[in-house]
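Here is what each chain is made of, one letter per residue.
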Amino acid sequence: VQLVESGGGSVQAGGSLRLSCAASGRTFSAYVMGWFRQAPGKEREFVGTIRWSTGSTYYADSVKGRFTISRDNAKNAVYLQMNSLKPEDTAIYYCAAKSGGSYYADNPRLYDFWGQGTQVTVSS
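Analysis parameters
- Residues numbered from 1 in each chain as written.
- Predicted model: local features only at pLDDT ≥ 70, side-chain atom pairs only at ≥ 80, totals over all residues.
- Heavy atoms only, no water.
- Helix = DSSP H or I, 4+ residues; strand = E, 2+ residues; numbered from the N terminus.
- Polar contact = N/O pair within 3.5 Å; in protein donor to acceptor, adjacent residues only side chain to side chain.
- Buried < 20%, exposed > 50% of the residue type's maximum accessible area, 1.4 Å probe, protein only.
- Core = buried A, V, L, I, M, F, W, Y, C linked by side-chain atoms within 4.5 Å.
- Contact = heavy atoms within 4.5 Å.
- Phe/Tyr/Trp six-rings, centres within 6.5 Å; stacked < 30°, edge-to-face > 60°.
- Lys NZ or Arg CZ within 6 Å of the ring centre and 35° of its normal.
- Pairing = 2+ DSSP bridges.
- Axes fitted to C-alpha atoms, helices over the stretch in contact; angles between N-to-C directions.
- Disulfide = S-S within 2.5 Å.

1. Focus on the environment of Arg 37
At step 1: Within the secondary structure, Arg 37 sits in strand β4 (residues 31-38).
At step 2: Through-space distance from the C-alpha of Arg 37 to that of Arg 66 is 15 Å; in sequence the pair is 29 residues apart.
At step 3: One polar contact links Arg 37 to Asp 89, side chain to side chain, over a distance of 2.8 Å.

2. A word on the environment of Glu 88
At step 1: By secondary structure assignment, the location of Glu 88 is in the loop between β8 (77-82) and β9 (91-99).
At step 2: Judged by its relative accessible area of 56%, Glu 88 is exposed.
At step 3: C-alpha separation for the pair Glu 88 and Val 122, spaced 34 residues apart in sequence, amounts to 7.5 Å.

3. Comments concerning unusual backbone geometry
At step 1: Positive phi, normally seen in glycine, also occurs at Asn 76, with a value near 55°.
At step 2: One non-glycine residue, Ser 84, lies in the positive phi region at around 50°.
At step 3: With a relative accessible area of 41%, Ser 84 lands in the partly exposed category.

4. Description of the nonpolar core
At step 1: Grouped together as the largest cluster of nonpolar side chains are 35 residues, with contacts concentrated most on Met 33, Trp 35, Leu 80, Met 82 and Tyr 93.
At step 2: Looking at this core, the elements that each hand over two or more residues are β3 (17-24), β4, β5 (45-51), β7 (67-72), β8, β9 and β11 (118-123).
At step 3: Among all residues touching Met 33, those that are not within four sequence positions of it are Leu 3, Cys 21, Phe 28, Gly 48, Thr 49, Ile 50, Trp 52, Val 78, Cys 95, Ala 96, Ala 97 and Tyr 111.

5. What about the packing of aromatic side chains?
Aromatic ring pairs are described here by two measures, namely the spacing of the ring centres and the angle between the planes.
At step 1: In the structure shown here, the tally under the stated rule is ten aromatic pairs.
At step 2: Consider the rings of Phe 46 and Tyr 58, whose centres lie 5.3 Å apart with planes at 35°: the pair is tilted. Of this pair, Phe 46 sits in strand β5 while Tyr 58 sits in strand β6 (residues 57-59); the two residues are twelve residues apart in sequence, bridging distant segments of the chain.
At step 3: For Phe 46, a relative accessible area of 10% puts it in the buried group.
At step 4: Taken together, the ring pairs in this structure connect Phe 36, Phe 46, Tyr 58, Tyr 94, Tyr 103, Tyr 104, Tyr 111 and Trp 114 into an aromatic cluster.
At step 5: A cation sits over an aromatic face here: Arg 18 above Tyr 79, 4.1 Å from the ring centre.

6. Focus: the sheet that holds β7
At step 1: Within the open sheet, the four strands sit side by side as β1-β3-β8-β7. Their pairing is antiparallel. In the strand order of this sheet, the two ends are held by β1 (2-6) and β7, each with one partner. Looking at each pair of strands side by side, their axes are set apart by 15° on average, direction ignored.
At step 2: Judged from the six bridges that link them, β7 and β8 form a sheet pairing that is antiparallel. Across the sheet, the residue bridging to Asp 72 is Ala 77, located in β8.

7. A few points about the state of the cysteines
At step 1: Under the criterion given, the structure shown has one disulfide.
At step 2: The disulfide partner of Cys 21 is Cys 95, and the gap between their sulfur atoms is 2.1 Å. On the sign convention where negative is left-handed, the bridge of Cys 21 and Cys 95, at about -70° about the S-S bond, is left-handed. Residue Cys 21 is found in strand β3, and its partner Cys 95 is found in strand β9; the two are separated by 74 residues along the sequence.
At step 3: Judged by relative accessible area, Cys 21 falls into the buried class, the value being 0%.

By themselves, these observations are geometric and do not establish any function.
Following this line, the structure appears as structure tokens:
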């Protein structure tokens, strides 16, 4: 299994970015895909999830209403659209996958596979 994130970069507060996670190596229809982030000196933080089969999503309170997760079955990709970005959103963002189970999965230990991460920097 390979997860490859892309789309990170630098943006001013209030701006937007869309991260992509290209998934390969197996069929992900039974998987839950998660997005996490980690800022320097902090623990990895839950951002949101999507159940691949239904498109159902779940978000952390800190990003609810600003971030949207979606997936493209044809491209085997998951996206994280980030709007109204704040300096506190600055972090390395990771895509992760777990096989089945609940999509209310905010603990990174539940995930089997991880991407390498992509840096997002939001300046004030």
